[in-house]
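Each chain is listed here by its residues.
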Amino acid sequence: MPGAGEPGWGAPTAEAGPAAAAGPAPVTPADAADAARLVSFGLQPKLLPARDAEYGELLRRYRDEPAFARLADAVATGLGLVVLEVSTRAGMAVTAAEDSVFAVRMGEYARRASADSADRFLHGLAHLAVAALAFPRPEDLADDGYIGRITVNGVDAFVRQACRRLEERAEQEGENTDPATDAPGLESAWRIYARRSATGATKDARRLAGSTTGIIAKAVTFLVDSGFLQRTGDDAGGAYRTTARYQLQVRDMAGSAAMAELLELGIVPVADGSAALLPGEDTDDLDLVSDAGLPFHSG
């Protein structure tokens, strides 16, 4: 007879025989379907577990049933997805591996937005700047309760400040300030960005799609559609707050050279979604990465 507390829920009894004691029940087609269903929920970034009973129940199974969790992880892996987190706050948060059919490549996204190669480069820079401004400090990324706030005009102002900082550095070091626009890294990105109008010049003052604020607006719209940002108002060209999924995504890309380079310029977050750079003397010893790439799959 087992000792006190030893038999668990559903544990086989002596009368059940060797077959019942052989191990956990085999995975059934219904289990596989449920695991795939959970992954499909994870691919719907705007869907919240709190608003869908089936999603919530599958998350409970993932938490409470190790075999089911392994099965769901395997389904995700087979689809070329990386599971970032499974929780009630984020749901099943997944990101696509580079070779996944679900990968959204920056080149494909930007080609839909513009045929101009410089514009595609600026779209990548806009996404990089939004991420850096939303989570400017390592502790912001580490804090699950942190909510970043950005505005379109705030992102534009921040990038233009960074452009001026990088230009000053280039002049101080006697570098060529007008190289080919297809050179990699932020050292070339600022030259392209600084030349571009912030809003364009339409008669009715509408924002042109090719202006820097137009590019940023398209970037944040993409992030809203992807479940990474939520619009909170119309102030300063559009105000947004981050979601748990976006925090996980930025954590995943935080080690990129371009992200690190931009953060090292010294960002001071401001509660209204804008930001400023620290005084120049705080960044005299920066070692910028000359060949930094943008934090997206190339293509």
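Quick caveat: nothing in here was measured; it's all calculated off a predicted structure.

Caption draft 1: The overall build of the protein, seen in detail. Check the secondary structure of the protein and you find 11 helices and 7 strands. A total of 299 residues make up the protein; the buried ones form 41% of that total. The contacts of the protein with a sequence gap of at least 6 include a subset with a gap of at least 24, amounting to 61%. For the protein, the exposed area adds up to about 15500 Å²; of that, 53% sits on carbon and sulfur atoms.

Caption draft 2: How the structure looks around the pairing of strand β4 (residues 229–233). Note: β4 against strand β5 (residues 239–242), 4 bridges, orientation antiparallel. Paired with glutamine 230 across the two strands is arginine 241, which belongs to β5. Remark: 5 residues form the turn of the hairpin made by β4 and β5, two consecutive strands paired antiparallel; alanine 236 in that turn has positive phi of roughly 50 degrees.

Caption draft 3: Quick peek at the pattern of salt bridges. Under the defined criterion, the tally for this structure stands at 15 salt bridges. Linking arginine 137 and aspartate 140 is a salt bridge whose minimum nitrogen-to-oxygen distance equals 2.9 Å. Note that aspartate 156 is salt-bridged to arginine 160, the shortest N-O span being 3.4 Å. Here the residue aspartate 156 and the residue arginine 160 both occupy positions in helix α7 (residues 152–172), the gap between them amounting to 4 residues, near one helical turn. Judged by its relative accessible area of 18%, arginine 160 is buried. Connected through shared salt-bridge partners, Asp31, Asp34, Glu57, Arg60, Arg61, Arg63, Asp64 and Glu65 make up one network.

Caption draft 4: Layout of the pairing of strand β2 (residues 91–96). Judged by how many residues are buried, β2 sits mostly within the fold: 6 of 6 residues are covered. One ladder, built from 6 bridges, connects strand β1 (residues 81–87) with β2; its direction is antiparallel. Bridging from a neighbouring strand, glutamate 85 pairs with alanine 93 of β2. Here β1 folds back onto β2 in antiparallel fashion, the turn holding 3 residues.

Caption draft 5: Local environment of the packing of aromatic side chains. Taken as a whole, this structure holds 4 aromatic pairs when the rule is applied. With a centroid separation of 4.7 Å and 20 degrees between ring planes, the pair formed by phenylalanine 41 and tyrosine 55 is classed as stacked. In this pair, phenylalanine 41 sits in helix α1 (residues 29–42) while tyrosine 55 sits in helix α2 (residues 53–64), placing the two residues 14 residues apart along the sequence. Accessibility classification places phenylalanine 41 together with tyrosine 55 in one group, the buried group. Above the ring of phenylalanine 68, the side-chain terminus of arginine 61 is found at 4.1 Å from the ring centroid.

Caption draft 6: Local environment of helix α3 (residues 66–78). Taking 1.5 Å of rise per residue, the 13 residues of α3 would be expected to cover 18 Å, and the 18 Å separating its terminal C-alpha atoms lies within 8% of that figure. Those residues of α3 hidden inside the fold are in contact with α1, α2, β1 and β2.

Caption draft 7: How the structure looks around a nonpolar patch on the surface. A cluster of nonpolar side chains, Leu43, Leu79, Val101 and Phe102, forms an exposed patch at the surface whose accessible area comes to about 340 Å². By the secondary structure assignment, phenylalanine 102 is in the loop between β2 and α4 (106–113).

Caption draft 8: Quick look at the sheet that holds β5. Strand order in this open sheet of 3 strands is β3-β5-β4, and the pairing throughout is antiparallel. Each edge of the sheet is formed by a strand with only one pairing partner; in this case those strands are β3 (149–151) and β4. Within the sheet, the average angular offset between the axes of one strand and its neighbour, ignoring direction, is 35 degrees. On the sheet, α7 packs against β3 and β5 and is oriented at approximately 85 degrees with respect to β3.

Caption draft 9: The nonpolar core, seen in detail. Ranked by size, the top nonpolar core spans 35 residues in total, and within it Val130, Ile150, Val155, Val159, Val220, Leu229 and Tyr246 carry the most contacts. For this core, the secondary structure elements donating two or more residues are α5 (117–134), α7, α8 (186–195), α9 (212–225) and α10 (244–253). In terms of residue count, the dominant contributor to this core is α5 (10 residues). Apart from residues lying up to four places away in sequence, leucine 229 is in contact with Val130, Ile150, Val220, Leu223, Val224, Tyr240, Arg241, Thr242, Thr243 and Tyr246.

Calculation criteria
- Residues numbered from 1 in each chain as written.
- Predicted model: local features only at pLDDT ≥ 70, side-chain atom pairs only at ≥ 80, totals over all residues.
- Heavy atoms only, no water.
- Helix = DSSP H or I, 4+ residues; strand = E, 2+ residues; numbered from the N terminus.
- Buried < 20%, exposed > 50% of the residue type's maximum accessible area, 1.4 Å probe, protein only.
- Contact = heavy atoms within 4.5 Å.
- Areas by Shrake-Rupley, 256 points an atom, 1.4 Å probe, with all protein chains shown as cover.
- Pairing = 2+ DSSP bridges.
- Salt bridge = Lys/Arg side-chain N within 4 Å of Asp/Glu carboxyl O.
- Phe/Tyr/Trp six-rings, centres within 6.5 Å; stacked < 30°, edge-to-face > 60°.
- Lys NZ or Arg CZ within 6 Å of the ring centre and 35° of its normal.
- Expected span 1.5 Å × (residues − 1).
- Patch = residues over 30% accessible without salt bridge, like charges linked within 9 Å, V, L, I, M, F, W, Y side chains within 5 Å.
- Axes fitted to C-alpha atoms, helices over the stretch in contact; angles between N-to-C directions.
- Core = buried A, V, L, I, M, F, W, Y, C linked by side-chain atoms within 4.5 Å.

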